[in-house]
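Remarks on the overall topology
One letter stands for each residue in the lines below.
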Amino acid sequence: MSNPTDSADQAHEMMKDMADHWGLLAGLGLLSVILGVLAIVYPGATIVTISIFFAAWLFVSGIVSLIASFRRDGDTTTRVLSAILGVLSIIVGWALLRSPFQSVEVFIFVIGISFLFTGVMTFVGAFAQKEGRNWGIISGGLGILAGLIVLIYPISSAATLALIGGIWLVILGVMQIVAGIQLRNTRSRISTAPASPA
């Protein structure tokens with residue numbers, strides 16, 4: 001059974017390892033800020049780029065799903081469904097890669113459906129909860145509204161989504177940079193701090 005001294009030493013080593021990699025966290029933050037600024041300045045190009053990655057993800061995930069259907073242990077029905085899903089993903093992904101603007105439409109449609117579905121589930125589930133019911137109803141209603149807006153006004157919604165995503169990336173990046181700087185400032189203290197006595 002581990003004693004408090006061992007736990008303290010493990011925590012000390014973990015904090016030291018995190019502090020040693022402060023540059024990685026700050027670098028990720030800088031990258032997030034750059035991507036966020038690009039999304040804010042060039043929302044159209046951002047949506048097209050993300051949509052192309054989405055199409056590529058469909059294509060690759062379809063190949064993986066198809067291969068897994070032949071290697072997976074289980075009943076025949078599950079393997080057949082996995083193979084069908086893989087083939088469909090490959091076909092859709094390839095078709096979208098050949099038509100980037102169509103990829104944008106499909107990507108926005110998927111986002112709208114996701115917002116709508118999540119909003120409905122949150123809204124309905126809120127009535128079964130005693131704590132946080134009002135917040136669940138409000139957030140679910142907002143999700144439904146957001147989904148409907150995206151589906152009804154896909155083009156204008158795309159630019160708005162890119163803008164919101166860009167702002168979020170900038171905020172996240174700044175927080176990561178600040179956290180990295182804080183780790184750098186505490187690095188010397190963590191390195192020189194003695195471990196717990198045995």
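Reading guide: rules and limits
- Residues numbered from 1 in each chain as written.
- Predicted model: local features only at pLDDT ≥ 70, side-chain atom pairs only at ≥ 80, totals over all residues.
- Heavy atoms only, no water.
- Helix = DSSP H or I, 4+ residues; strand = E, 2+ residues; numbered from the N terminus.
- Buried < 20%, exposed > 50% of the residue type's maximum accessible area, 1.4 Å probe, protein only.
- Contact = heavy atoms within 4.5 Å.
- Areas by Shrake-Rupley, 256 points an atom, 1.4 Å probe, with all protein chains shown as cover.
- Phe/Tyr/Trp six-rings, centres within 6.5 Å; stacked < 30°, edge-to-face > 60°.
- Expected span 1.5 Å × (residues − 1).
- Arc of directions from axis to C-beta.
- Axes fitted to C-alpha atoms, helices over the stretch in contact; angles between N-to-C directions.
- Parallel < 35°, antiparallel > 145°, perpendicular 65-115°, else oblique.
- Left-handed = near helix turned anticlockwise from the far one by under 90°.
- Nonpolar A, V, L, I, M, F, W, Y, C, P; charged D, E, K, R; others polar.

Remarks on the overall build of the protein
From N to C terminus, the protein includes 7 helices and 0 strands. The order of α-helices and β-strands along the protein, N terminus first, is α-α-α-α-α-α-α. Split into buried and exposed, the 198 residues of the protein put 23% on the buried side. Restricting the contact set of the protein to residue pairs at least 6 apart, pairs at least 24 apart contribute 76%. Of the roughly 13,200 Å² that the protein leaves accessible, carbon and sulfur atoms contribute 73%.

Side note on the packing of aromatic side chains
All told, the structure shown has 2 aromatic pairs when counted by the stated rule. Aromatic side chains F59 and W94 sit 6.1 Å apart centroid to centroid with 45° between the ring planes, which places their arrangement in the tilted category. Taken together, the positions of F59 in helix α3 (residues 43–71) and W94 in helix α4 (residues 76–98) put the pair 35 residues apart, joining distant regions of the chain. Judged by its relative accessible area of 48%, W94 falls in the partly exposed class.

A word on α4
For an α-helix, the turn length of 3.6 residues means that residues three or four places apart are oriented alike. Compared with the 33 Å implied by 1.5 Å per residue over 23 residues, the 33 Å span of α4 between its first and last C-alpha is a close match. Among all positions of α4, only S82, A83, G86, S89, G93 and L96 are buried. On its buried face, α4 sits against α3 and α5 (100–126).

Notes on helix α6 (residues 133–152)
The end-to-end C-alpha distance of α6, which contains 20 residues, comes to 28 Å, matching closely the 28 Å that a straight helix rising 1.5 Å per residue would cover. Every buried residue of α6 is accounted for by G136, G140, G143, G147 and V150. Down the axis of α6, the sector holding all buried residues measures 95°, keeping them to one side. Exposed residues pointing more than 90 degrees away from the buried face of α6 are listed as N134, L142 and I152.

Examining the packing of α5 against α6
Interaxial distance between α5 and α6 falls to 7 Å at its minimum, and their mutual angle equals 155°. Classified by the angle between their axes, α5 and α6 sit roughly antiparallel to one another. Our pair here, α5 against α6, has a crossing hand that is left-handed. Across the contact of α5 with α6, the residue classes tally to 14 nonpolar, 9 polar and 1 charged.

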